[in-house]
Amino acid sequence: MSELRWHPLLEEWVTVAPWRQDRTYHPSAEHCPLCPTRPGQPETEIPEPDYHIVVFENRFPSYTGEQGRCEVVCYTPDHDSSLGEQSVDHIRDLIEVWRDRTNELSRLPNVKYVFVFENRGEEIGVTLSHPHGQIYAYPFLPPVLQRELAAESRHMRKTGRCLYCDVIDGEKDGVRTVLRDERWIAFVPPFARWPYEVHLAPTNHRGGLIDLDEEDDVSFAACLKGLLQKYDRLFEKPLPYVMAMHQRPPGRGGRHHHFHIEFYPPNRTLDKLKYLAGSELGAGAFVLDARAEDTAAELRAL
Ligand SMILES: [Zn+2]
Ligand SMILES: [Zn+2]
Ligand SMILES: [Zn+2]
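Now for a look at the structure at hand. (Residues numbered from 1 in each chain as written. Chains lettered and ligands numbered in written order. Predicted model: local features only at pLDDT ≥ 70, side-chain atom pairs only at ≥ 80, totals over all residues.)

## Remarks on the overall build of the protein chain
The test is simple: Numbering of helices and strands runs from the N terminus; a helix is a DSSP stretch of H or I covering at least four residues, while a strand is a stretch of E covering at least two. Atoms counted for the radius of gyration: C-alpha only. Globule rule: 2.2 Å times the number of residues to the power 0.38. With C-beta atoms placed from the backbone, the exposure class of a residue follows from how many other C-beta atoms lie within 10 Å of its own: 20 or more, buried; 12 or fewer, exposed; in between, partly exposed.
Helix and strand counts for the protein chain come out as six helices and 11 strands. In terms of overall size, the protein chain behaves like a compact globule, its C-alpha atoms giving a radius of gyration of 19 Å where 302 residues would be expected to give roughly 19 Å. Once the C-alpha set of the protein chain is aligned to its principal axes, its extents read approximately 60 × 45 × 45 Å. Of all 302 residues assigned to the protein chain, the portion counted as buried reaches 34%.

## A closer look at helix H1 (residues 88-106)
So the rule is basically this: Helices are assigned an expected span. That span is 1.5 Å times one less than the residue count. This arc is taken over the directions from the axis of the helix to the C-beta atoms. We call two residues in contact whenever the C-beta atoms placed from their backbones are within 7 Å.
Spanning 19 residues, H1 covers 27 Å between terminal C-alpha atoms, matching the ideal 27 Å at 1.5 Å per step. All buried positions along H1 are accounted for by Ile-91, Leu-94, Val-97, Trp-98, Thr-102 and Leu-105. Relative to the axis of H1, the buried residues are bounded by an arc of 135° and lie together on one face. Elements in contact with the buried residues of H1: strand S3 (54-57), strand S4 (69-74), strand S5 (113-120), strand S6 (132-138) and helix H4 (214-234).

## So, unusual backbone geometry
Within the chain, Glu-11 stands out as a residue other than glycine whose phi angle is a positive 55°. Phi is positive for Glu-236, which is not a glycine, with a value near 55°. With respect to the helices and strands, the residue Glu-236 is situated in the loop between H4 and strand S10 (241-246). The class of Glu-236 is exposed, set by 8 C-beta atoms lying within 10 Å.

## A short note on the pairing of strand S7 (residues 177-180)
Here is the rule: When DSSP finds two or more bridges between two strands, those strands count as paired.
As paired strands, S7 and strand S8 (residues 184-187) are joined by three bridges and run antiparallel to one another. The residue bridging Arg-180 from the neighbouring strand is Ile-185, located in S8. Hairpin connection from S7 to S8: three residues lie between these consecutive antiparallel strands.

## Some details on helix H2 (residues 143-159)
The α-helix winds at 3.6 residues per turn, so residues separated by three or four positions along the chain end up facing the same way. With 17 residues, H2 should cover 24 Å at 1.5 Å per step; its first-to-last C-alpha distance of 24 Å lies within 8% of that length. Phi for Gly-160, located one or two positions after H2, is positive at around 80°.

## Topic: the pairing of strand S1 (residues 3-7)
Across the five residues that make up S1, only a small minority, zero, are buried. Where S1 meets strand S2 (residues 12-16), five bridges bridge the pair, whose relative direction is antiparallel. When the bridges of S2 are listed, Leu-4 appears paired with Thr-15. Counted along the chain from S1 to the antiparallel partner S2, the turn is four residues long, and its residue Glu-11 has a positive phi close to 55°.

## Some details on the environment of Gly-174
Looking at where Gly-174 falls in the secondary structure, it is placed in the loop between helix H3 (163-169) and S7. A tally of 12 C-beta atoms within 10 Å means that Gly-174 is categorised as exposed. Residues Gly-174 and Gln-86, 88 residues apart in the sequence, show an inter-C-alpha distance of 27 Å.

## With respect to the sheet that holds S7
As a reminder, the rule being used: Under this scheme, a helix contributes an axis fitted over its contacting stretch, all axes are lines through C-alpha atoms, and angles between N-to-C directions fall in the 0 to 180 degree range.
Read across the open sheet, the nine strands follow the order S3-S4-S6-S5-S10-S11-S9-S8-S7; overall the sheet is antiparallel. In this open sheet, the two edge strands, each paired with only one partner strand, are S3 and S7. Each strand of the sheet is rotated relative to its neighbour by a mean of 20°, with strand direction disregarded. For S5 and S6, the ladder comprises five bridges, and the chain directions are antiparallel. Across the sheet, the residue bridging to Val-116 is Ile-135, located in S6.

## So, the nonpolar core
The criterion, for reference: A set of buried Ala, Val, Leu, Ile, Met, Phe, Trp, Tyr and Cys residues, joined through C-beta atoms within 7 Å, is what we mean by a nonpolar core.
The biggest cluster of nonpolar side chains holds 57 residues, and the ones touching the most others in it are Val-198, Leu-200 and Leu-227. If sequence neighbours within four positions are ignored, Leu-200 has contacts with Trp-184, Ala-186, Cys-223, Leu-224, Leu-227, His-260 and Ile-261.

## Things to note about the environment of Leu-234
Relative to the assigned elements, Leu-234 resides in helix H4. The spacing of Leu-234 and Thr-177 is 57 residues in sequence and 16 Å in space, taken between C-alpha atoms. Setting aside chain neighbours within four positions, we find Leu-234 in contact with Tyr-196, Leu-239, Leu-299 and Leu-302.

## Some points on the packing of H1 against H4
For the record, the criterion: Two helices that cross are described as forming a left-handed crossing if the nearer one is turned anticlockwise from the farther one by less than a right angle, and a right-handed crossing if clockwise.
Orientation of H1 relative to H4, taken along the N-to-C sense of each, is 115°, at an axis distance of 9 Å. As H1 runs across H4, the sense of the crossing is right-handed. Along the contact surface, H1 presents Val-88, Ile-91, Arg-92 and Ile-95, while H4 presents Asp-217, Val-218, Phe-220, Ala-221, Ala-222, Leu-224 and Lys-225.

## Comments concerning the environment of Ala-150
Its location among the elements puts Ala-150 in helix H2. Spatially, the C-alpha atom of Ala-150 lies 8.6 Å from that of Gly-254, the residues being 104 residues apart in sequence.

Listed below in structure tokens is the structure:
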């Protein structure tokens, strides 16, 4: 089991999981553990010759047993593909999988939060290039969500409105909009901390994956694909990113939370990355050399 250590100054948990040192590091394509098992070849994590979408427990988990769960979601059997290259129908199936796992993991006794995310690209520290995401079921409410929920509750008390609905309302003029349809919007928020940071959110108030209806799903899949395609066209190469789904926690907490997905690509330009350094890491103060209005216009035009 991992050890949870309390950081008394920041008032947050640090998880110590030393066995993660031994995890598979950049295997070649023919030794990829996330590919289907080829006939006559050693068994991969998936003992089948083919699959559609697969979920299994991470072999090198940060949380396991009583503490929580770490799962791997393989988007496709195609090693050289990506999330953005999947069809809208396939992404809808994936949304169904994310929702199903959220439901399932929320029911585990000690789970306080289910976090769906993807790390993409070596720049982000990805050790397996096969298109996949992850799901962490945490034994505590992670600090970012805790702060968002607190801000949302304060805003609700003060104004009677959802904070994030108001944020979306502020995007009416479209200058920071990357794409939108009747149900979802992708925009570079005015408070972005990364040059090409994008938020993708339902324009109607929804708390999480389990609150989306069928039409929301269709639009979600199409907008997610549209955004990821723009990302890959930006520098004409697969753009690395972190995709972080901020859905409401299980149970009654977070009633005022508005579902949104945050994307942080580390690139400033084709070959320059933004590194977290003194101000960001040491003081928690992000400094940005790009305007949201300009990067949004760039992405919108693609
Ligand atoms: Zn593979
Ligand atoms: Zn809302
Ligand atoms: Zn958020």
